[in-house]
Amino acid sequence: MGFQEILGQEDAVLVLSRSLENDRLAHAYVFSGPDGVGKALTAFALAGALLCSEGPEGPEGPRAANRACGACPACRKVAARSHPDLIILEVLPDKKEISIDQVRDAQSAVSLRAYEGRKKVLIVNAADRLNSSAANAFLKTLEEPPEDTIIVLVTSQPHLLIPTIRSRCQEVRFRPLGDATVARFLVERKGLDRARAAMLAAVSGGSLGKALAGEPDEAAARRDTAIDILARAAAEPMEERTALAESLAKGEGEAEALIEWADLVVRDLLMASIGRTDRLVNVDRAEDLGRIAETVPASALFGLAEEIGRARTALRARGNPRLVMDVFLQSAAAIMTAQREAARP
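Residues numbered from 1 in each chain as written. Predicted model: local features only at pLDDT ≥ 70, side-chain atom pairs only at ≥ 80, totals over all residues. Heavy atoms only, no water.

## Here we look at the environment of Val 296
Alright, step 1. Mapping Val 296 onto the fold places it in the loop between helix H13 (286–295) and helix H14 (298–316).
Alright, step 2. In this structure Val 296 comes out as buried when scored by relative accessible area, which is 5%.
Alright, step 3. Separated by 26 residues in sequence, Val 296 and Leu 270 have C-alpha atoms that sit 9.5 Å apart.
Alright, step 4. Those residues within four positions of Val 296 in sequence are excluded, and the remaining contacts are Leu 301, Met 336 and Gln 339. (Helix = DSSP H or I, 4+ residues; strand = E, 2+ residues; numbered from the N terminus. Buried < 20%, exposed > 50% of the residue type's maximum accessible area, 1.4 Å probe, protein only. Contact = heavy atoms within 4.5 Å.)

Below you can see the structure in the form of structure tokens.
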């Protein structure tokens, strides 16, 4: 994995490439940004560039000073996460935090001279998961960093790092990927048809990792549920909406997924209401969306969008999913009922 394979993070890659070319790397970095946008991949690309044994002018031919050759034994070890000068600190499979014992082991490793190259690289994956004792212990490494070690902390929640750790690192920010970038990858690398790829890209929030983890059939089912709920919101009796809220909140992450799909459906309804069917995400449901849009005024759609925003905020604040969905469904029904009453002669 080299910098040339990192999608949509040109600014971050440029900062690191220039630092490598000019031999002006910081001793420690924080790679921050949403999950699934290439932070860890970039950390390993940086490790590859530093640990590659071929050098800019190796026997296999010239390479850019800021790139790994990708073929030498050192590069293959980095790709396999088995290079002796690559230390990886992350949450163990059966744990929820990075422990102080793990930090001490990493400190012992970086205190030794490099085995095969001139540098060592320490990557801390999900660095925000360092527990309090581990974070304070790790701070000592940043205060007195080994000269031959580059440290990279990878996190989607940099605000959870203790300030003294964050202040001793250069932050490199990673942005969400564009929907077009995600969809193109899914079509070209994963063989999805364009409609399914666009659907997964739209709900990914700019995260390629999230899009790759999504199942097109499951995503389509959630999308269809969101369309059905909004189309029938005013017709369902209250007790049925309450039962629906309970069923939608049973699976982990189900409520969040439905809210995101509802948001995309409302966006499509707004596009359909102004005749911009070329901008629809759910192109395979264009006819149904157009029919619904004809019966729902823009004011009601904006009201639904506000309720979706409230539900999203509540879920992110770890509100009870069943209660959040119940409130959302009842509010959506009230909005749709009000617009229906207003439309009567």
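## Points about the sheet that holds strand E1 (residues 28–32)
Alright, step 1. Strand order across the open sheet formed by five strands is E4-E5-E6-E1-E7, with parallel pairing between neighbours. Looking along the sheet, the strands with just one partner apiece sit at the ends: strand E4 (86–89) and strand E7 (170–173). For this sheet the average axis-to-axis angle between neighbouring strands, irrespective of direction, equals 20 degrees.
Alright, step 2. In terms of strand pairing, E4 meets strand E5 (residues 120–125) through four bridges, oriented parallel. Paired with Leu 89 across the strands is Val 124, a residue of E5. (Pairing = 2+ DSSP bridges. Axes fitted to C-alpha atoms, helices over the stretch in contact; angles between N-to-C directions.)

## With respect to the nonpolar core
Alright, step 1. Of all hydrophobic cores here, the largest spans 53 residues; its most connected members are Leu 304, Met 325 and Phe 328.
Alright, step 2. When residues of this core are assigned to their parent elements, the largest contribution, 12 residues, is made by helix H12 (residues 254–273).
Alright, step 3. Each residue touching Met 325, except ones within four places of it in the same chain, is listed here: Ala 245, Leu 248, Ala 255, Leu 258 and Ile 259.
Alright, step 4. Formed by 27 residues, the second largest nonpolar core is a distinct cluster that contains Leu 46, Ala 47, Val 152 and Val 172. (Core = buried A, V, L, I, M, F, W, Y, C linked by side-chain atoms within 4.5 Å.)

## As for H14
Alright, step 1. Here H14 contains 19 residues, and its C-alpha end-to-end distance of 27 Å stays within 8% of the 27 Å for a straight helix at 1.5 Å per residue.
Alright, step 2. All buried positions along H14 are accounted for by Ala 300, Leu 301, Gly 303, Leu 304, Glu 307, Ile 308, Ala 311, Arg 312 and Leu 315. (Expected span 1.5 Å × (residues − 1).)

## Description of the pattern of salt bridges
Alright, step 1. On inspection of all chains with the given rule, the structure shows 22 salt bridges.
Alright, step 2. Here Glu 260 and Arg 312 are joined by a salt bridge, their closest N and O atoms 2.9 Å apart. Linking Glu 260 in helix H12 with Arg 312 in helix H14, this pair joins segments that are 52 residues apart in sequence.
Alright, step 3. Taking the relative accessible area as the measure of exposure, Arg 312 reaches 16% and is therefore buried. (Salt bridge = Lys/Arg side-chain N within 4 Å of Asp/Glu carboxyl O.)

## Comments concerning the packing of aromatic side chains
Alright, step 1. Counted by the stated rule, this structure contains two aromatic pairs.
Alright, step 2. A ring pair is formed by Tyr 29 and Phe 31, whose centres lie 6.1 Å apart and whose planes are at 55 degrees; its orientation type is tilted. Take Tyr 29 and Phe 31: they sit in the same class, and that class is buried.
Alright, step 3. Judged by centre distance (5.3 Å) and plane angle (45 degrees), the rings of Phe 31 and Phe 174 are tilted. Taken together, the residues Phe 31 in strand E1 and Phe 174 in the loop between E7 and helix H7 (179–190) connect sequence positions 143 residues apart.
Alright, step 4. Here Phe 174 falls in the buried class, since its relative accessible area comes to 4%. (Phe/Tyr/Trp six-rings, centres within 6.5 Å; stacked < 30°, edge-to-face > 60°.)

## A word on the environment of Cys 169
Alright, step 1. Turning to its location among the elements, Cys 169 is positioned in the loop between helix H6 (163–166) and E7.
Alright, step 2. Ignoring anything within four residues of it in the chain, the contact list for Cys 169 reads Ala 28, Tyr 29, Val 30, Leu 142 and Leu 153.

## Details of the confidence of the model for the protein chain
Alright, step 1. In the predicted model, the protein chain carries a mean pLDDT of 87, and the fraction of residues at 70 or more is 93%.
Alright, step 2. The secondary structure element of the protein chain with the lowest average pLDDT is strand E3 (residues 61–62), at 42, and the one with the highest is E1, at 97.
Alright, step 3. Across residues 57–62, confidence stays below pLDDT 50; counting only partners more than four residues off in sequence or on other chains, it has five contacts. (pLDDT = per-residue confidence, 0-100.)

## Some words on unusual backbone geometry
Alright, step 1. At Arg 81, a position not held by glycine, the phi torsion is positive, near 60 degrees.
Alright, step 2. Assignment of secondary structure puts Arg 81 in the loop between helix H3 (73–79) and E4.
Alright, step 3. Positioned with a positive phi, Arg 318 is a non-glycine residue whose angle comes to about 65 degrees.
Alright, step 4. Residue position: Arg 318 is located in the loop between H14 and helix H15 (321–343).
Alright, step 5. Judged by relative accessible area, Arg 318 falls into the exposed class, the value being 79%.

## Remarks on the packing of H12 against H14
Alright, step 1. Orientation of H12 relative to H14, taken along the N-to-C sense of each, is 160 degrees, at an axis distance of 10 Å. It follows that H12 is roughly antiparallel to H14 by the angle criterion. Note on packing geometry: the crossing formed by H12 with H14 is left-handed. For the pair H12 and H14, contact is made by Ala 255, Glu 256, Ile 259, Glu 260, Ala 262, Asp 263, Val 266, Leu 269 and Leu 270 and by Leu 301, Phe 302, Leu 304, Ala 305, Ile 308, Ala 311, Arg 312 and Leu 315, respectively. (Parallel < 35°, antiparallel > 145°, perpendicular 65-115°, else oblique. Left-handed = near helix turned anticlockwise from the far one by under 90°.)

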